[in-house]
Amino acid sequence: MTTSNKEFDSFLAISAWLTGFEAIELQGTGMTSVYFSTLQKNITGANLEVFFAEARSVLLTAEKDPVAAKARTLSHLMQNSSFNNLAKQIILMWYIGQWFPEPAGDARNSTQINAQSYVESLMWPAADTHPPGAKQPGFGSWAERPIKVDTFNVTMGK
Amino acid sequence: MSENEYDVVVVGSGIAGAVLAKVLTQAGKTVLMLEAGLQAGMALKPEEDHANYQSYLERFYASTIKATNTPYPELKDALSINVLDIDAHTPYETGYMVQLGPLPFASDCLRAPGGTTMHWLGNVPRMLPNDFQMKTRYDQGVDWPISYADLVPYYEMAENEIGVAGDVTSQQGPDMNHTNYSRDYVFPMLKIPQSYQDQVWMKNTDGLDVFLYGKQYTVSCISMPQGRNSTPNDHYRYGTTVWDRASQSLKLTNNNEHYEVVGATWSGYTGERCEGNASCVPICPVQAKYNALKTLKKSDPDKIKIITQAVASQVLIEEGGSDVCGIMYKSYTDPNSIEYTGHIAKGKIYILACSAIENAKLLLASNVANTSDQVGRNLMDHLVLLTWGLLPEKGYPYRGPGCTTYIPTFRDGDFRKDFAAWISPIDNWGWSWPTFAPGSDVTEAVINKGMFGKDLRATLNANVPRQTLLHFECEQPPCPENRITISAKYKDRLDNYRPVIQYDASNYMRKSFQAAKKVSDQIFAANSIENFTVYSPSEPDYVTYDGQGYTFRGAGHIVGTHRMGTRADNSVVDKNQRTWDHKNLYLIGCGNMPTLGTSNPTLTMTALTYQAAESILKQLESIT
């Protein structure tokens with residue numbers, strides 16, 4: 001399968017915007033390609049193209065006016081009517097490591113993407129911990145506050 | 001060795017079977033062990049053993065829904081109970097168990113090499129002396145035919161084998177202090193460090209006065225003894241348990257200077273300490289948590305034959321007599337095929353050690369050991385009321401073993417005449433049990449609230465680390481109508497019976513839920529915990545008491561289906577755990593426990609197994 005670099009780059013950039021994790025953190029999971037292929041497998045090409053066009057427009061706005069970009073994300077990407085919830089599917093894929101075919105209302109049937117997508121799911125670092133059964137922090141670590149490098153409140157390289 | 005040369009036939013390779021195999025073979029006896037699960041799980045070569053265990057871990061990672069038996073292969077020919085099958089609406093027959101109700105039985109166990117110790121949590125508090133005298137002291141249930149004092153030497157053997165990490169001096173509470181232990185006794189390893197969250201809890205909980213039905217109780221928080229590796233205690237003096245032929249008893253030897261930590265079965269250098277995987281249930285990736293395969297693999301290899309993929313189906317009685325003369329079993333090659341070959345295992349003494357569910361099923365299917373009509377009856381569990389909320393500060397849950405601290409305050413007291421006692425573990429794993437958090441927090445924020453980006457991340461970070469959960473594991477007394485039966489209508493693919501369950505929660509239990517919730521409310525208030533507990537009528541095991549609804553959950557403590565007692569007409573086995581009806585048939589496991597107490601039952605069951613092993617050795621030596 002040939003993938004357009006432009007679309008892949010757009011996927012990574014919009015993933016960072018939608019998840020609240022830096023692109024480098026997302027790349028650090030090693031899951032970007034897997035999730036991009038999951039998207040391509042589940043969403044028809046035409047829909048993806050339109051979605052990425054909208055995503056690029058949001059990201060462009062974000063560079064100058066994050067408040068407007070946030071509003072546009074809410075109105076154009078996060079509505080139930082927005083691209084059949086594609087933005088929500090992307091967020092859930094990163095945070096939970098599962099593909100949600102219809103992330104709306106009570107329709108929460110999902111499928112684990114693979115074993116590694118569990119280990120790398122972002123809900124654990126978001127909660128200042130690690131996925132149960134992986135990335136173990138060592139004997140007695142639980143008796144102290146978690147040790148973490150705070151990438152969330154420190155903007156990389158600035 | 002040919003098939004009829006064995007001293008003992010043991011059915012089941014869980015902790016009971018493993019302890020028997022180790023003790024009996026090391027005493028020079030020959031053992032034939034039958035195990036229903038896959039050969040791969042029994043691999044003796046380190047590489048194969050490791051590869052198989054990694055396949056368990058990989059299955060756990062890759063499964064969409066993660067439950068207690070998720071890592072382990074599902075075998076159509078030897079089904080395990082799956083907690084995901086539990087349904088609010090009884091009767092139903094989906095899954096392995098047929099649930100007649102009125103309430104569904106909510107606990108599971110595992111049919112695989114190593115048994116349920118593969119997925120157990122590993123909490124190993126001892127029972128209390130009063131737990132053995134429930135009838136005499138509180139007019140509930142029955143007394144045991146043995147006392148706490150009788151069991152103390154065997155508790156020490158069990159704690160040695162499991163490798164308990166804990167602090168004896170802090171085991172203080174109702175009916176519990178240093179006198180519950182031998183003089184100067186220590187556990188093999190120092191206590192598992194108590195979690196950061198425990199320390200947050202203890203600030204406002206340890207020493208808190210609570211009021212319940214007009215009486216005052218002072219709550220305390222103490223460390224939980226656990227079967228997982230920690231730092232060896234230099235003062236621990238024991239080596240291992242051996243048969244002393246001269247005194248016809250089991251004895252703990254002295255160690256050579258220090259306690260030897262037992263690591264993973266594939267490499268002793270893995271799992272020498274708990275590494276904080278926070279996944280004890282359903283799988284410890286490094287086997288720092290004890291499992292029965294550690295014990296089984298110390299059996300004398302020249303004295304044991306293990307046949308896996310062998311499902312025991314009937315206990316055979318000699319014609320015109322009462323002795324057991326064989327155990328019929330069905331061997332399968334493909335665990336999902338209906339094809340099998342039939343065989344008979346032969347020995348001098350027969351031991352069923354394949355769980356309270358399977359032991360009872362096998363006895364009923366064979367119509368043996370049931371003069372008392374107690375087989376399958378008195379099915380018990382801890383009925384677990386959960387309460388959850390948000391701490392005012394981050395406790396940083398989802399880290400460390402499932403429980404490192406517990407509240408012993410309501411384990412014993414006069415109230416046991418009126419409602420059930422409970423143990424209260426403080427849970428280290430957030431709301432994962434009641435709400436499937438943190439996945440549910442993510443779906444709620446994203447799907448329902450449309451959150452994204454840094455707001456989403458910040459919201460999760462502000463809330464999930466404040467999640468906290470308290471258990472109230474309430475002691476279910478024996479009730480003859482809570483029972484396992486069998487029916488020709490319900491069989492599995494190998495034509496073996498499936499368990500048919502009748503189950504309910506009495507008012508004695510329901511009142512304990514009311515009492516527990518009253519205590520929880522006061523503890524939450526003292527800690528400024530914002531309550532998020534919800535009990536919904538649509539959930540399985542939702543019950544009402546005095547106009548209020550409560551949902552209880554299963555603890556996985558399946559107990560009581562072939563109880564021991566004082567007479568052949570009130571019990572299935574005697575105090576040596578030998579069936580009253582057949583002098584060469586022993587039943588081993590939690591099914592023997594006449595009452596449950598408020599302890600996780602594995603430690604006590606293991607102590608009982610040592611006691612039984614001693615009786616079995618005596619009996620073998622008397623006939624050879």
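This section reports on the structure supplied with the text. All of these numbers come straight from a predicted model, not from anything done at the bench. (Residues numbered from 1 in each chain as written. Chains lettered and ligands numbered in written order. Predicted model: local features only at pLDDT ≥ 70, side-chain atom pairs only at ≥ 80, totals over all residues.)

**Some thoughts on the overall build of chain A**
In terms of helices and strands, chain A carries eight helices and two strands. Each helix (α) and strand (β) of chain A, taken in turn from the N terminus, gives the series α-α-α-α-α-α-β-β-α-α. Taken against the 2.2 N^0.38 rule, which gives 15 Å for 158 residues, the C-alpha radius of gyration of chain A at 16 Å falls within 12% of a compact globule. If one aligns the C-alpha atoms of chain A with their principal axes, the spans along those axes are about 50 × 35 × 35 Å. Going through the 158 residues of chain A one by one, you find that 38% of them count as buried. Sequence-distant contacts in chain A: of pairs separated by 6 or more residues, those separated by 24 or more amount to 46%. (Helix = DSSP H or I, 4+ residues; strand = E, 2+ residues; numbered from the N terminus. Rg over C-alpha atoms; globule rule 2.2 N^0.38 Å. Buried ≥ 20, exposed ≤ 12 C-beta atoms within 10 Å, placed from the backbone. Contact = placed C-beta atoms within 7 Å.)

**Brief notes about the sheet that holds strand β12 (residues 341–345) of chain B**
Residues and elements named next belong to chain B. Spatially, β10-β11-β12 is the arrangement adopted by the three strands of the open sheet, whose pairing is antiparallel. If you trace the sheet from one side to the other, it starts and ends with β10 (310–317) and β12, each paired once. Ignoring which end each strand starts from, the neighbouring axes of this sheet average 25° apart. Direction of pairing for strand β11 (residues 324–331) relative to β12: antiparallel, over a ladder of five bridges. Paired with tyrosine 329 across the two strands is histidine 343, which belongs to β12. (Pairing = 2+ DSSP bridges. Axes fitted to C-alpha atoms, helices over the stretch in contact; angles between N-to-C directions.)

**Examining the nonpolar core**
As a rule of thumb, soluble globular proteins bury nonpolar side chains together. Counting 230 residues, the largest nonpolar core has Val10, Leu20, Leu24 and Ile351 of chain B as the members making the most contacts within it. Those residues in contact with leucine 24 of chain B, other than ones at most four positions away along the chain, are Val8, Lys29, Val31, Ala613, Ile616 and Leu617 of chain B. (Core = buried A, V, L, I, M, F, W, Y, C linked by C-beta atoms within 7 Å.)

**Observations concerning the pairing of strand β1 (residues 6–11) of chain B**
Side-chain direction in a regular strand flips from residue to residue, so the side chains alternate between the two faces of the sheet. All names here are of chain B. The buried fraction of β1 amounts to six of the six residues, a majority that puts the element mostly inside the structure. Both β1 and strand β13 (residues 347–352) contribute to a ladder of five bridges, which runs parallel. Residue pairing across strands places valine 11 opposite leucine 352, the latter belonging to β13. Of the strand pairs in this sheet, β1 and strand β2 (residues 31–34) are connected by four bridges, and their pairing is parallel. For valine 10, the partnering residue across the bridge sits in β2 and is methionine 33. At this point the chain moves from β1, through helix α1 (residues 15–26), to the parallel β2, and the crossover so formed is right-handed. (Right-handed = clockwise from strand over helix to strand, strands pointing away.)

**Topic: the interface of chain B and chain A**
Contact residues are listed per partner, giving 41 residues for chain B and 44 residues for chain A. Going through the elements one at a time, α2 (46–62), α9 (439–448) and α10 (453–463) of chain B are the ones with two or more residues in the side of chain B that touches chain A. Grouping the amino acids of the side of chain B that touches chain A by side-chain chemistry returns 21 nonpolar, 14 polar and six charged. (Nonpolar A, V, L, I, M, F, W, Y, C, P; charged D, E, K, R; others polar.)

**A few points about the sheet that holds strand β18 (residues 483–485) of chain B**
All names here are of chain B. Taken in spatial order, the three strands of this open sheet run β3-β19-β18, and their pairing is mixed. Single-partner strands in this sheet number two, and they are β3 (98–102) and β18. For this sheet the average axis-to-axis angle between neighbouring strands, irrespective of direction, equals 20°. Where β3 and strand β19 (residues 500–503) come together, four bridges link them in parallel fashion. Within β19, the position partnered with proline 102 by the bridge is tyrosine 503.

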